[in-house]
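One-letter residues, chain by chain:
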Amino acid sequence: MNVCLLQSGGKHVFTRGNAPLAALASCGVLMAVMQTIVVPLLPQLPALTGGSPTDVSWMITATLLAGAVATPLLGRAGDMYGKRRVLLMALASMVAGSVLCAVSATLPVLIAGRALQGVAIAVVPLGISILRDELPRERVIGAIAMMSATLGVGAAFGIPLATLVVEHYDWHTMFWACAVLGSLVALAVVTVVPESPVRTRGRFDVVGALGLTTVLVCLLVAVSKGNAWGWGSARVLGLLAGAVVVAPLWVWHQLRAGTPLVDLRVSVRPAVLFTNLAALLIGFSFYANSLATAQLVQEPTSTGYGLGASIVVSGLCLLPGGIAMVLLSPVSARLSAARGPRFTLAAAAGLMAVGYAVRLFTSTDLVSIVFGATVVAAGTAVAYSALPALIMHAVPVTETAAANGLNTLMRSIGQAVCSAVVAIVLSGLTARSADGHSAPTLQAYLAVFAIAGFCALGALGLTLLIPGRRRAPSPVLAVGTA
């Protein structure tokens with residue numbers, strides 16, 4: 001019955017044009033831009049808000065936490081109560097958070113606003129699930145490739161745009177722009193995107209939601225703040241202990257629940273498990289590219305390797321990668337249609353590893369740095385396009401939003417771990433520069449690239465463990481019978 005709903009519900013709606021796809025893709029781009037816009041502002045925020053650097057970093061951590069918690073929860077709610085309805089709630093939260101940040105310079109208010117903005121990270125898995133439910137089968141792979149690639153595209157364009165705003169305008173302008181654009185995107189969704197008719201029956205698993213929230217908050221706060229608080233501090237060890245204690249209890253509840261928040265029996269299938277683990281490593285590898293590149297080119301020339309570039313130049317170094325992501329999204333879709341998303345993900349992970357190999361030997365001049373960063377970004381675009389297709393081939397049609405939410409969560413965890421690892425490496429391998437200031441050594445950046453390259457190779461190995469198919473299945477019918 002669900003398959004019939006998919007076919008009859010989509011062909012008469014989406015044949016009107018590409019407006020629904022454009023509206024949903026805009027949601028993804030805006031979300032990724034929102035997630036990264038404060039990165040160029042971080043060095044200035046202590047002076048602007050009166051907070052310490054450690055406190056100011058909560059503007060990143062709060063967004064990450066809110067997104068990590070909201071993504072699987074809202075994905076499940078979308079499966080049960082309507083994907084478009086929940087997507088609009090996430091956009092409303094982002095607009096409210098943007099306005100809150102735009103009208104205040106008080107750090108607690110800014111952190112609260114950033115947390116509300118973080119809820120919007122759930123829009124991408126929700127949008128992917130709407131496309132799967134509504135589109136004719138021949139358009140599904142291309143559409144979800146474009147939707148998933150918006151995660152990388154928005155991030156690649158967000159930092160350069162933010163640097164220009166910080167350089168030439170009042171910093172609150174970024175948040176006003178997000179609020180206006182969020183409102184326009186929400187209006188577009190209401191106007192042209194239909195509500196999906198596919199629903200999961202049963203009650204929302206409140207206990208499971210509380211348990212997962214506890215585990216994620218304990219784990220991600222410990223990982224994000226471990227370097228600042230000290231990995232052996234009582235706070236970090238207490239948080240990690242809390243995650244270790246609650247996690248098995250949550251698993252036990254999920255296995256016993258009638259309608260669990262996360263269907264663990266489906267999640268441990270090799271096709272799902274290895275895809276999610278690969279997503280974690282891809283998220284790590286992608287984020288290392290953005291973090292290290294922006295900082296590397298800004299290192300002073302007195303270090304012997306730094307270029308002393310401005311914040312605007314450092315942001316623009318990521319722009320070619322964003323363009324590559326836009327161009328490669330349809331290529332990834334065609335490759336997945338011809339060879340299968342498993343082959344596409346393997347090729348993408350291999351390309352990312354090659355990009356980091358290039359970076360190991362070309363990190364001393366601007367052109368080579370941009371080239372290496374663009375190769376990694378190209379691999380990321382292809383990988384992000386293939387991951388949802390693999391997930392949807394392996395889960396029941398009524399669980400697509402929750403399953404894609406879990407996959408997005410794994411990418412977010414990979415990014416959180418990457419942020420902590422990069423901070424540890426760059427702060428641990430330092431030297432006095434010619435002007436007397438302490439700065440990371442070139443070997444520190446090369447170590448980051450090596451770790452990220454090995455993560456990409458790990459993702460390649462996990463992809464090869466995903467069970468293959470003798471022929472490419474229908475992206476709609478095959479997943480409905482999984």
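Predicted model only: the values in this text are computed from it and were never measured.

**Quick word on the overall build of the protein chain**
If you tally the helices and strands in the protein chain, you get 21 helices and two strands. Judged by the C-alpha coordinates and their principal axes, the protein chain covers about 70 × 45 × 45 Å. Looking at the protein chain as a whole, 58% of its 482 residues are labelled buried. The long-range share in the protein chain, meaning contacts at least 24 apart out of those at least 6 apart in sequence, stands at 81%. When the accessible surface of the protein chain is summed, it comes to about 18,200 Å², and 69% of that surface belongs to carbon and sulfur atoms.

**Side note on the nonpolar core**
Grouped together as the largest cluster of nonpolar side chains are 69 residues, with contacts concentrated most on I282, L345, Y445 and V448. Those elements that place two or more of their residues in this core are α5 (58-81), α11 (206-229), α12 (234-256), α14 (270-296), α17 (341-361), α18 (366-394), α19 (400-428) and α20 (442-465). If you tally residues by element for this core, the top one is α18, at eleven residues. Apart from residues no more than four positions distant in its own chain, I282 is found in contact with A349, M352, A383, Y384 and A459. Counting 58 residues, the second largest nonpolar core, distinct from the first, contains L30, V38, V124 and I144.

**What about the confidence of the model for the protein chain?**
Confidence in the prediction of the protein chain, expressed as mean pLDDT, is 82, and 91% of residues score 70 or more. Highest mean pLDDT in the protein chain belongs to α20 (94); lowest belongs to helix α21 (residues 477-480) (34). Low pLDDT, under 50, characterises residues 1-16; the predicted model gives this stretch 31 contacts beyond four residues in sequence or across chains. Counting interchain partners and residues more than four positions distant, the pLDDT-below-50 stretch residues 470-482 has 33 contacts.

Conventions we followed
- Residues numbered from 1 in each chain as written.
- Predicted model: local features only at pLDDT ≥ 70, side-chain atom pairs only at ≥ 80, totals over all residues.
- Heavy atoms only, no water.
- Helix = DSSP H or I, 4+ residues; strand = E, 2+ residues; numbered from the N terminus.
- Buried < 20%, exposed > 50% of the residue type's maximum accessible area, 1.4 Å probe, protein only.
- Contact = heavy atoms within 4.5 Å.
- Areas by Shrake-Rupley, 256 points an atom, 1.4 Å probe, with all protein chains shown as cover.
- Core = buried A, V, L, I, M, F, W, Y, C linked by side-chain atoms within 4.5 Å.
- pLDDT = per-residue confidence, 0-100.

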